[in-house]
Structures are given as structure tokens and as C-alpha cells.
Amino acid sequence: MGESIDGSSNAAQSAQPEDQTASEETGGFFRRFIGVFNPTDATALDEQEDATPTNGGFGMRNLRDMAVEDVAIPKADIVSVPATITKDELVHVFRNSGMTRLPVYEGTLDTPIGMVHLKDFALKHGFNGNGGRFSLKRMLRPLLFVPPSMPIGVLLQKMQAERRHMALVIDEYGGVDGLVTIEDLIEQVVGEIEDEHDIDEGHFWNEESPGCYVALAKTPLEDFEAEIGQSLTDVDSVDEEEIDTLGGLVFMLLGRVPVRGEVIEHPAGPVIEVMEADPRRVKRLRVRLAEPVNG
């Protein structure tokens with residue numbers, strides 16, 4: 001996600017290109033960015049790499065040395081929708097996933113037909129307007145199909161040239177293997193790009209709204225319990241001696257590593273949503289406390 005945070009899929013159909021406004025906002029930046037990756041000779045590239053500060057393994061060299069499969073979101077974590085989805089169901093997916101772009105498929109994700117953009121949907125059917133009869137296929141935009149072995153610098157050039165923000169990674173059998181966004185690629189050079197949901201530096205959680213927290217999975221459980229004034233380990237299904245983080249609590253409740261978008265109802269009342277995860281670990285969570293009962 002993700003754009004997670006975002007999802008994507010390349011369409012084997014004609015659909016409207018990314019809007020001109022988006023290209024004007026990003027085109028100049030990406031032309032300069034790609035220009036650094038594509039100098040006239042190898043010496044210039046080496047000089048640029050030496051001059052580019054790196055942080056935690058990030059830097060211009062990654063554009064050449066890393067492949068799409070190194071940065072793609074696994075298939076299991078892709079948030080996508082079927083072509084048969086209703087308008088209300090689509091609103092629900094956009095709201096709960098936080099994505100602005102979603103791949104659309106027929107049957108299964110291995111048969112993608114395009115991508116739906118939240119802006120297109122909102123302009124036609126949102127803002128208290130009915131927009132006429134809902135037709136998802138009329139709103140589809142095309143995306144890219146790319147092999148897992150493609151260097152990320154090559155893909156970044158291709159995305160910029162074709163004004164695409166997402167691509168589906170296709171395996172040797174023609175099935176969908178993952179998803180990658182422009183943000184995923186750029187982060188390999190400049191480091192993580194924070195959004196409004198990211199945690200402030202030096203903190204483990206932010207309070208989004210009263211009773212609703214966005215927290216890192218590594219948040220010390222004892223500290224978070226003190227923050228919310230409630231014990232999350234005083235239930236039969238949790239052994240407090242075996243866990244000390246929020247991520248560990250989620251794993252203990254489920255008995256497995258959860259997937260992105262999964263919602264866990266804690267026996268004590270709070271609802272925990274997995275905002276970011278990969279097949280090996282949980283990264284970020286949203287915790288909604290139970291509303292107090294009046295009376």
C-alpha cells in the first residue's frame with residue numbers, strides 16, 4: 001500500500017490519462033530527478049552518487065542496483081476492488097484503506113482491467129452530487145505491467161514518461177505478483193516520505209482524534225497503557241509476561257502475523273486496525289478506544 005499509503009493495476013484497455021494538472025505539478029521535478037539517474041557517462045553517475053547524501057542505505061545508486069521485486073508490495077497486501085463493486089462499497093474501501101488509487105479486476109486480481117482514482121470518483125459522485133448512474137468502468141485509468149527484474153530507475157523513467165503513478169508486478173506466468181508506486185521508488189533514494197499518518201520523530205504514537213491513536217508496532221505496551229489509562233493485557237487470551245509491544249499484542253491476539261487492513265477487536269473493547277504490515281511483521285497500527293457507556 002498501498003499507495004499505502006497506496007494499490008495499483010495496469011489496464012489492458014484504453015482509459016483516460018493522468019490529468020494535466022498532476023503532470024504539471026510533478027513533471028518538472030521528475031525530469032530533474034531522472035536527469036540525475038541518466039547522465040551522459042558513467043563517470044558523471046559515480047560523481048553524482050558520491051555527492052548524494054545517503055541515509056540508512058538510501059541513495060542514487062539504488063536506482064541502478066535495485067530491482068522492482070526489492071521494493072514491491074506483496075500481492076497479499078494489495079488493496080483492490082472487483083469491477084462489480086457498488087458505489088457504497090467503493091466509498092467504504094476508499095475510506096478504510098486510506099488509498100487514493102485502487103486496482104480494479106474482473107474475477108481475481110490476476111485479471112486487472114484498470115485503476116480507479118478517488119478524485120475521479122469524488123468529482124463525479126461526491127460532494128453531494130449524484131453524478132448520474134454509477135459506472136466504475138467509465139472511470140478506469142490505465143496502469144503499467146512490469147517484470148520483477150526491472151531496475152527501479154528504469155521503471156521510474158517509464159512512469160514519468162507515461163504519467164503513471166503505480167504499476168503491477170507480473171510474474172513469469174502472467175499473474176500479479178505485487179504492486180509498486182512512484183513513492184516506493186523515490187523512497188529508495190531520499191528515504192521514507194512521511195504523510196499525515198506518520199508518527200512524529202522520537203514518538204511511538206500520535207493521537208489522531210480523541211480516543212483514536214496511530215501507533216508504531218514497536219510501541220512499548222506499558223507506556224501505551226499508561227497513555228490510554230487502560231490495561232490491554234488483563235484478558236485470558238493475552239499473557240503479559242510474553243509481550244511488551246503493541247505489535248506483540250496483536251500477534252498474541254491472532255496467533256499469526258496479520259495483514260494490512262485487518263481489524264482486531266480486543267476483548268477489553270479497543271479496536272485495532274493494521275495500517276501497515278508485510279508478510280513478516282506489523283509496522284503501524286490504528287487503535288480506537290471503546291466509547292464509554294453513558295449512565
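Cut-offs used in this document
Residues numbered from 1 in each chain as written. Predicted model: local features only at pLDDT ≥ 70, side-chain atom pairs only at ≥ 80, totals over all residues. Heavy atoms only, no water. UniProt positions renumbered as here; feature names shortened; annotations may be inferred. Pairing = 2+ DSSP bridges. Helix = DSSP H or I, 4+ residues; strand = E, 2+ residues; numbered from the N terminus. Contact = heavy atoms within 4.5 Å. Axes fitted to C-alpha atoms, helices over the stretch in contact; angles between N-to-C directions. pLDDT = per-residue confidence, 0-100. Buried < 20%, exposed > 50% of the residue type's maximum accessible area, 1.4 Å probe, protein only. Arc of directions from axis to C-beta.

As named in an unreviewed UniProt entry, the protein chain is Magnesium and cobalt transporter, taken from Roseovarius marisflavi. Note on the protein chain: under the UniProt heading Sequence similarities (unreviewed entry), the record states "Belongs to the UPF0053 family. Hemolysin C subfamily."

Trainee: Would you explain the sheet that holds strand S5 (residues 144–146) in this entry?
Mentor: What links the strands of a sheet is backbone hydrogen bonding, and the strands pair in either a parallel or an antiparallel sense. Read across the open sheet, the four strands follow the order S1-S7-S6-S5; overall the sheet is mixed. Of all the strands in the sheet, the pair left with one neighbour each is strand S1 (73–74) and S5. In terms of strand pairing, strand S6 (residues 166–170) meets strand S7 (residues 176–181) through five bridges, oriented antiparallel. Across the sheet, residue methionine 166 finds its bridge partner in S7, namely threonine 181. Along the sheet, helix H7 (residues 152–162) makes contact with S5, S6 and S7, crossing S5 at roughly 165 degrees.

Trainee: Could you clarify how one ought to interpret the confidence of the model for the protein chain in this entry?
Mentor: Low-pLDDT stretches of the model should not have their predicted coordinates read in fine detail. Scored by pLDDT, the protein chain has a mean of 75; 68% of the residues are at 70 or more. Confidence, expressed as mean pLDDT per element, reaches its minimum in the protein chain at helix H2 (residues 42–51) with 44 and its maximum at strand S2 (residues 81–82) with 94. Low pLDDT (under 50) marks residues 1–30, which in the prediction has 91 contacts with non-local residues, meaning those over four places away or in another chain. Low confidence marks residues 39–58, where pLDDT is under 50. Its contacts with residues over four positions away, or in another chain, come to 20 contacts.

Trainee: Please explain helix H9 (residues 221–228) as it appears in this structure.
Mentor: Given 3.6 residues per turn, any residue in an α-helix points the same way as the ones three and four places further on. Residues of H9 that are buried: Leu221, Phe224, Glu225 and Ile228. An end-on view of H9 places all buried positions within 100 degrees of arc, on one side of the element. For H9, the exposed residues set more than 90 degrees away from the buried face come down to Glu222 and Ala226. Looking at the packing, one finds that the buried side of H9 touches strand S8 (205–209), strand S9 (212–216), helix H10 (246–254) and strand S12 (282–288).

Trainee: Help me understand the sheet that holds strand S3 (residues 101–105) in this model?
Mentor: Spatial strand order, S2-S3-S4: three strands in an open sheet with mixed pairing. Of all the strands in the sheet, just S2 and strand S4 (112–117) have a single pairing partner and so form its edges. Relative to S4, S3 runs antiparallel, the two being bridged by five bridges. Of the residues in S4, the one forming a bridge with leucine 102 is valine 116.

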